[in-house]
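This is what each chain is made of:
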Amino acid sequence: MLGRGNANAEGGDPDCTEVLEDNSRSILMGIISQLRKDMDLHRVTLPTFVLEPRSMLERVTDFMSHPDLLIEASTKTDPLVRFLDVVRYFLSGWHIKPKGVKKPYNPVLGEIFRCKYKYGNGTEAIYVAEQVSHHPPISAYYYGSPENGVYIQGDLRPKSRFLGNSAATLMEGENHIIFTHLHNERYDITMPNVYARGILFGKMVLELGDSCVVRCRTSDLICELDFKTKGFFSGQYNSVSGKVKKESTGEVLYEISGQWSSEIYIKMAKASNKTLFFDVKSSSIHPKIVRNIDEQEPLESRRLWSKVTSAILKDDMDTATNEKTSIEDKQREETKQREADCKEFNPRFFNIIYGDQYEFKGIPNFDYQNKSNAKSELENAVFPPLASATQTAEPSPSNSIKNTNNISKSAFPITY
């Protein structure tokens, strides 16, 4: 279930806190006793009770949950107004989260997640994500709405660290929003880090922390955002502040403040009056369209993790652990086999460029100036007429199954 945080009178967020039962705390303490400060946690197997029942590849879609903000931004003629709308869009995705302190499944190598969106203006969008590396973990993703000229491409490279009474996920990677109808105007975005506090003692709390930026070089604008963690004796949960500047001169144009879990405000620099910038309570999450599990390929996230998810939702942690272990063991076996055969893993949807960056394979073939052609080209690239329904470790678009473009509407139920 997705939960929304609502700040209480003391500045807390009940949906971001969790009190573990004694047996769960005991299991977690057993794992922690083997850790050292600043140790990389990626290779540590976490107990299933700390898992959010969805893959990280799907969790990225939280940032496509308010598409009206981005589509509207792409129509603005004033570069500053357009930039502010993009900043609002970026801030709108953080309030979507599970109740308590949970982390999504670590995707296995070659895992994919695909979905579609249908918008009120009659346009559509498609999203695809793939786990392109497991050690280190890298999730590449691509979103396209050709009719609106809006595209998003990026990758997440999380690095987990044990910090004593807390664990941190450092969210490295590149994220870009591109408006093709505006001469490929691009917005470069970095992410805040995620902290799970109170894992040794006290209540467990999930917080966002540290700085990140939204930058548009063509407009010479930058927004420097600071996600603040709550102090031990003062402060409030989920606070964010920021300044929109003319990057070349450093001139502050606007200031942002509030809580990303409830209300965010904006005001002109040196002004006293602030206006509401984004309100969680009045916002609505736009649904994504995902094929039924029995219509998905074996390495699609919801099908791959379906037994784990089902067990977690039933609070059957023993079964969830066994199913999760089975998936992880299979991945280890496939990795060993590739190494024995001296084979490298080749992503299905993304190419490696410039040494360590990932680009969606369809990009070189898209006719961005012809929106109708770009829409069909994106559809065929993500949901090809011939794709493998029996793929295992390394899916290839050249393998054959039924025509997924002709799947009936009932095969794409609207789900979150």
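Please refer to the structure higher up on the page.
Residues numbered from 1 in each chain as written. Predicted model: local features only at pLDDT ≥ 70, side-chain atom pairs only at ≥ 80, totals over all residues. Heavy atoms only, no water.

What characterises a pair of aromatic rings is the spacing of the ring centres plus the angle enclosed by the ring planes. Inspection of the entire model under this criterion finds 16 aromatic pairs. Their ring planes at 65 degrees and their centres at 5.5 Å tell us that Phe179 and Tyr187 sit as a pair that is edge-to-face. With respect to class, Phe179 is no different from Tyr187; both count as buried. In this structure, Lys230 packs its charged tip against the face of Tyr237, placed 5.7 Å from the ring centre. (Phe/Tyr/Trp six-rings, centres within 6.5 Å; stacked < 30°, edge-to-face > 60°. Buried < 20%, exposed > 50% of the residue type's maximum accessible area, 1.4 Å probe, protein only. Lys NZ or Arg CZ within 6 Å of the ring centre and 35° of its normal.)

Below, the discussion takes up the nonpolar core. Counting residues in each nonpolar core, the largest one holds 55 residues, and the members touching the most others are Leu91, Tyr127 and Ile256. The element that contributes the greatest number of residues to this core is helix 4 (residues 79-91), accounting for 7 residues. For Ile256, the residues in contact, after removing those within four places along its chain, are Val87, Leu91, Cys223, Leu225, Val240, Ser241, Gly242, Val244, Ile264, Tyr265, Ile266 and Phe277. (Core = buried A, V, L, I, M, F, W, Y, C linked by side-chain atoms within 4.5 Å. Helix = DSSP H or I, 4+ residues; strand = E, 2+ residues; numbered from the N terminus. Contact = heavy atoms within 4.5 Å.)

This part covers the pattern of salt bridges. Side chains that differ in sign of charge can pair as their charged atoms come close. Following the criterion strictly, the structure yields 28 salt bridges and no others. Note that Lys375 is salt-bridged to Glu124, the shortest N-O span being 3.8 Å. Of the two residues, Lys375 sits in helix 8 (residues 371-382) while Glu124 sits in strand 7 (residues 124-133), which places them 251 residues apart along the sequence. A salt bridge links Glu263 to Lys281; the shortest N-O distance between them is 3.2 Å. You can see Glu263 sitting in strand 18 (residues 263-268) and its partner Lys281 sitting in the loop between strand 19 (275-279) and strand 20 (288-289), a full 18 residues away along the chain. Several salt bridges share partner residues, and in doing so they unite Arg114, Arg291, Glu297, Glu300 and Arg348 into one network. (Salt bridge = Lys/Arg side-chain N within 4 Å of Asp/Glu carboxyl O.)

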